[in-house]
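Residue-level listing of the chains:
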Amino acid sequence: METVYPQIVTSADMLKSTIQLEPLIEKLKSNHAKAVAITNSTLYGIMPFWHAMKNQQIHPVIGLSIHVQLDDKSVPLVLYVENIKGYENLLKISSGLETRELKELPKKWLAAYKDGLIAVYRGDKQFSEDSLGELKDLFRDNNLYVGIERTNGIKQEFEDEIFKASKQFSTNITVFHMSRYLQKEDAFAYEVLNAMDQSLKMSDRNRLKPPEDSYHVLTEKEWAEWFSDVPEWLENTKAMLERCCVNFDKQSHIMPKFPLSEQQSAKDYLRALCEEGLTIRLGEVTQNYKDRLHYELQIINEMNYEDYFLIVQDFIKFAKRVGILTGPGRGSSASSLVAYSLFITDVDPLVYGLLFERFLNPERITMPDIDIDFADSRRMEVIRYVAEKYGKNYVSQIITFGTLSAKSVAREVARIFGFESSTLEAISSFIPNKHGITLKEAYAQSQKLREFIQTEEIRKKWFEVALALEGLPRNASTHAAGVVLSPVPLVDVVPIQMGHDDLFLTQWPMKEVEQAGLLKMDFLGLRNLTIIERILKIIHKNNRQSFSLDSIPFDDKRTFHLLQNGDTTGVFQLESEGMRQSLKQIQPTKFEDIVAVNALYRPGPMESIPLYAKRKRGQLPVTFEHPVLQPILQETYGIIVYQEQIMQIASQMAGFTFGEADLLRRAVSKKNREILQKERTHFVQKAIQLGHSEQASSSVYDLIVRFADYGFPKSHAVAYSVISYQMAFLKAHFPEAFYCALLSTATGNQDKINQLVMEMKQKGIPILPPSIFNSSNFFTVENDGVRFGLQAIKGVSHAFIQKLLQQRRNGTRKWEDLFDLAADLSAIHFTRKNMEPLIKAGALDHFQEERSTLLATLDAAVKYAELVSPTEDTDLFEGNATHFGKSKYIRTDELPLMVKLQFEKEVLGQYFSEHPTVSKKKHMAQQVMDIWDVVQASKDWKVTVVGLIQEIKKIRTKKGESMAFVTIQDETGSVSVTLFPEDYAKHNSLLEELAIIVVEGKSERRNGRTQIIGKIVSR
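Computed from a predicted model, the values in this text were never measured in an experiment.

A. Representation of the sheet that holds strand β19 (residues 942–956). Spatial strand order, β19-β20-β21-β23-β22: five strands in a closed barrel with mixed pairing. Recorded for the sheet is a direction-independent mean angle of 50° between the axes of neighbouring strands. Bridge analysis of β19 against strand β22 (residues 996–1006) gives seven bridges, and the strand direction is antiparallel. Residue pairing across strands places Thr 944 opposite Glu 1000, the latter belonging to β22.

Okay, structure coming up:
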């Protein structure tokens, strides 16, 4: 017997089902399913469902479960797509509900969008004859059914009444069974999921329990037995589902249109813009540029992509007009001269030998993909511009779904079970912090987890449920970059819902949106562009000179000197320890070296970095497999670094077009043996025809195969290296502005701030303490130094800072002392909580009183504020409280240096006054090194350092002996000192936090970090 499944809710219907597609397919196949309908409460998940069923030769049906508001009551309906018209109407119904966030569909909407849809009215306790009559008036004779459910096969007492009513209205009856989990034994896991959906614990009295426990996917036998007395209902169901037919196999591309007048064609307008832009770029356009532009435009015209390029150049033009920094290019689009001419990218592809076919291959028609980077703080402005220009109904952001990972599902289920919060923390610690780890893997790897589960029955149940719910979609959010643009209203093509910022959101994620034929564009926010933007603003403000990124020369000696030294903290892509070492090895002298190191610095290819460095320095000869390769691989010293080089080799050696060469590169990178052999024959034969020997052709082909998945797109490497170079240039020429912008961006990340401050001290750039008179919100450049921002002080509220800056701007009077400040800020803002961190940070040192005195006087100043200006609106003395008589400072002894420093560390994250190791070093007879120099050195050597103990970590060796890792710090940096058992036994009495010690030993580099293996000489 063939079975059909009229109501399957999948896990795509968030927290409303545990059914995932793969196990569902296995179940359906074992039950000889003929047809199956997805009936979620949104249109989430319908595309993957349709394709998965189609692949298994099971007839897929698209449905939607909704409530309709009839004249006097709301009724549940399941709507099925009968044909393409019905599908288009279902998109509108779902989109209408979700964009207006309605629980029920108004009757008039159903009347407007019912064509091509079949409705099943669920016959349950709430069934109403009047409602059936109303629905009958809406739907044609054979497009309305009544669905009758038999929970656990039990005939309901109201069945006969429903049967009678359906006969009266000539409405056929179908079987109804909503499946929300696969097997009967999954009922409890579903109940937990349902509690999660309600955000309630299992023990909560307000929790609505599932009304029944038979939401499983029925077996063939259950269908037959439960409805054995009414086989015609089963037949009706089958006939109804077989009527539903809609095909998603081949969706044509739906390209958006750029608005032009009727007289203008996109083709001509694009050509005119490109020719004008290229002239602006180059001045005189030579023939090779004209030829390349003509060739690219021809391919773009053949593929009908003119509008796409016009749309992108238009929003880039907008961004530049309003001063939003855009990236120089990204991905393969940087290889297009058209993109360069339109100012979409800033990389001249002919200068760097970039191949257009890597972007748009005439041999392989795909949608163009121009990803754009914007300063991340202003990216949304560009998206809003696009939405306004093309219309809100034509532009949407893309949804993305978060799933229950091992850690999150374990915690969430434990919370719903009512486990203590300390148990939740313990559970988190039992699961290894490894991206993508599953609960099964965690169980195998973690003995603590296994022991935890085995101690109590409730914990075993907890783990079973967590396993059942792992991987289910948990929440929806907005894709970080993706935006779709359609020439027709989006609801004609995809279902949508309400998003943020008054923009729509597709109900489908990226892959499904593209399957529907829509064009996806990536508007990416790049933090480093925001940093560059900040640096430029600071330069303009402080130097009052106009400086633009376009004026940066690409042969600047100071920039290359900085790169050769690996001085790349804060420099895009070049910051990691490994990358610094690579730069020191390679000693870049031209921009192309940075491009190469950016492309090579990945697992696998990075093994070629030492070879590149030695060949560049002339320590090893540059060799080529074949003379043909010399002009192609000359710039990378005979090493294949880029995908474009592989394409050029295939073109030169075997006469491939660049389009064919791109296909070859893609094919061989998959390492399919059959394809490799077929392509070898193809390549070798073509090379022989060009006069090469079979052996030479074969060995070059082997080279291509070996490097096919090593190669990096040169277009992307060049474009991103431009950002790297620009940041390195700014660091080399405008260090104060560079560090200032970076420090402001790092607010809240104490380690980063400490690293930057140490570096500045090392370079002799003054770092000025926070000051209520001179500090701004963030860090600022002041007299060739950088002033600490008030936001960098822990514990000071944002509202207080805003008030302080506002009063300072008003500047009606100068604050002579703490009491003036108190009166001006009012008791609302002048509180101990706000003022104590400021005093500890030194922000009130301008009053020329000891910090101990200011702290002692603080309570008196707070009382004074409460007396003279209790609120912001009341100033009892109209700005002049002097005649009232101020309190006096309560003068006390100066704070001990270590206490003062500890206060600074508490609120600023670091010691600001003179570091206590400085005076120790001054009074030492022997020569000691700065920790910075030890850490920066690339070789291991004997060292003597002075350091303040920050952290002591004691451990036992396998033999049971004690040893320690001690982190020490001086004014230039910090380093870890390893004390082995013998030295630890001698010196452990000297180990106290904040003690100053002298360490002798040997510095060693391990995994890119320096440590000292040593002994303590003295304290």
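B. Region of the structure containing the packing of helix α18 (residues 447–454) against helix α19 (residues 457–469). Interaxial distance between α18 and α19 falls to 6 Å at its minimum, and their mutual angle equals 120°. Our classification of the angle between α18 and α19 gives oblique. Contacts between α18 and α19 pair Leu 449, Phe 452, Ile 453 and Gln 454 from the former with Arg 459, Lys 460, Trp 462 and Phe 463 from the latter. Partitioned by chemical class, the residues of the contact of α18 with α19 number five nonpolar, one polar and two charged.

C. A look at a negative patch on the surface. On the surface, Asp 72, Glu 129, Asp 130 and Glu 161 cluster together into a patch of negative charge. Mapped onto the fold, Glu 129 is located in helix α5 (residues 129–138).

D. Up close: the pairing of strand β2 (residues 33–38). With respect to burial, β2 is a largely interior element, five of its six residues being buried. Bridge analysis of strand β1 (residues 3–8) against β2 gives four bridges, and the strand direction is parallel. Counterpart to Tyr 5 in the pairing with β2 is Val 36. Where the polypeptide runs from β1 across helix α1 (residues 21–30) and back to β2, its parallel neighbour, the crossover connection is right-handed. In terms of strand pairing, β2 meets strand β3 (residues 59–69) through four bridges, oriented parallel. Within β3, the position partnered with Val 36 by the bridge is Pro 60.

E. Broad picture of the sheet that holds strand β11 (residues 395–403). The sheet built from six strands is open, its strands ordered β10-β15-β12-β11-β14-β13 with mixed pairing. Edge strands, defined here as strands with exactly one partner in the open sheet, are β10 (372–375) and β13 (496–498). Between one strand and the next, the sheet's axes are offset by a mean angle of 50°, whatever the strand orientation. Bridging between strand β12 (residues 473–485) and strand β15 (residues 519–526) involves four bridges; their strand directions are antiparallel. The residue of β15 that forms the bridge with Gly 482 is Asp 522. Along the sheet, helix α12 (residues 306–321) makes contact with β10, β12 and β15, crossing β15 at roughly 25°.

F. How the structure looks around helix α28 (residues 658–669). Taking 1.5 Å as the rise per residue, α28 with 12 residues should run 16 Å; its terminal C-alpha atoms sit 16 Å apart, in good agreement. Tucked into the core, α28 has its buried residues touching α27 (643–654), α29 (673–689) and α30 (694–707). Downstream of α28 by a residue or two, Lys 671 has a phi angle that is positive, lying close to 60°.

G. Spotlight on unusual backbone geometry. With a phi angle near 55°, Asn 152 is a residue other than glycine that sits in the positive phi range. Counting through the fold element by element, Asn 152 comes out in the loop between β7 (144–148) and α6 (159–168). Taking the relative accessible area as the measure of exposure, Asn 152 reaches 32% and is therefore partly exposed. Of note, Ser 170 is a non-glycine position whose phi angle comes to about 50°, a positive value. As for its placement among the helices and strands, Ser 170 is situated in the loop between α6 and β8 (172–175).

H. Looking closely at the pattern of salt bridges. In total, this model carries 51 salt bridges according to the counting rule given. The partner of Glu 836 in a salt bridge is Arg 832, with the nearest N and O atoms 2.4 Å apart. You can see Glu 836 and its partner Arg 832 sitting in helix α36 (residues 832–841), four residues apart, about one turn around the helix. What makes Glu 836 partly exposed here is its relative accessible area of 23%. The exposure class of Arg 832 is partly exposed, given its relative accessible area of 31%. With its nearest N and O atoms 3.0 Å apart, the salt bridge here joins Asp 970 to Lys 921. Of this pair, Asp 970 sits in strand β20 (residues 962–970) while Lys 921 sits in helix α39 (residues 916–922), placing them 49 residues apart in sequence. On the basis of relative accessibility, which here comes to 13%, the residue Lys 921 falls in the buried class.

I. Fine view of the nonpolar core. Core analysis: the biggest nonpolar cluster contains 110 residues, and Leu 730, Ile 772, Leu 821, Phe 830, Leu 838, Leu 844 and Phe 847 have the highest contact counts within it. The element that contributes the greatest number of residues to this core is helix α31 (residues 714–733), accounting for 12 residues. Apart from the residues within four sequence positions on either side, Phe 830 is in contact with Leu 818, Leu 821, Ala 822, Leu 825, Met 835, Leu 858, Ala 861, Val 862 and Ala 865. Among the nonpolar cores identified, the runner-up in size contains 74 residues, and Val 36, Leu 70, Leu 77 and Leu 490 belong to it.

J. The arrangement of the environment of Phe 683 in detail. Here Phe 683 shows up in helix α29. Looking at Phe 683, the relative accessible area reads 0%, which means it is buried. Taking C-alpha positions, Phe 683 is 7.7 Å from Ala 650, a pair spaced 33 residues apart along the chain. With sequence-adjacent residues up to four places away left out, Phe 683 is seen in contact with Ala 650, Met 653, Ala 654, Phe 656, Leu 664, Ser 697, Val 700, Tyr 701 and Ile 704.

K. Molecular detail of the side chain of His 716. Among the structural elements, His 716 can be located in helix α31. In contact with His 716, other than residues within four places in its own chain, are Arg 330 and Gly 331.

L. Expanded view of the packing of aromatic side chains. This structure, assessed with the given rule, holds 44 aromatic pairs. An aromatic cluster is defined as three or more aromatic residues linked by ring pairs; in this entry it consists of Phe 188, Phe 417, Phe 419, Phe 430, Tyr 443, Phe 452, Trp 462 and Phe 463. The ring of Phe 656 has Lys 686 lying over it, and the distance from NZ or CZ to the ring centre is 4.9 Å.

The rules we used
- Residues numbered from 1 in each chain as written.
- Predicted model: local features only at pLDDT ≥ 70, side-chain atom pairs only at ≥ 80, totals over all residues.
- Heavy atoms only, no water.
- Pairing = 2+ DSSP bridges.
- Helix = DSSP H or I, 4+ residues; strand = E, 2+ residues; numbered from the N terminus.
- Axes fitted to C-alpha atoms, helices over the stretch in contact; angles between N-to-C directions.
- Parallel < 35°, antiparallel > 145°, perpendicular 65-115°, else oblique.
- Contact = heavy atoms within 4.5 Å.
- Nonpolar A, V, L, I, M, F, W, Y, C, P; charged D, E, K, R; others polar.
- Patch = residues over 30% accessible without salt bridge, like charges linked within 9 Å, V, L, I, M, F, W, Y side chains within 5 Å.
- Areas by Shrake-Rupley, 256 points an atom, 1.4 Å probe, with all protein chains shown as cover.
- Salt bridge = Lys/Arg side-chain N within 4 Å of Asp/Glu carboxyl O.
- Lys, Arg positive; Asp, Glu negative; His and termini not counted.
- Charge placed at Lys NZ, Arg CZ, Asp CG, Glu CD.
- Buried < 20%, exposed > 50% of the residue type's maximum accessible area, 1.4 Å probe, protein only.
- Right-handed = clockwise from strand over helix to strand, strands pointing away.
- Expected span 1.5 Å × (residues − 1).
- Core = buried A, V, L, I, M, F, W, Y, C linked by side-chain atoms within 4.5 Å.
- Phe/Tyr/Trp six-rings, centres within 6.5 Å; stacked < 30°, edge-to-face > 60°.
- Lys NZ or Arg CZ within 6 Å of the ring centre and 35° of its normal.

It is worth stressing that arrangement in space is one thing and function is another; only the former is reported here.
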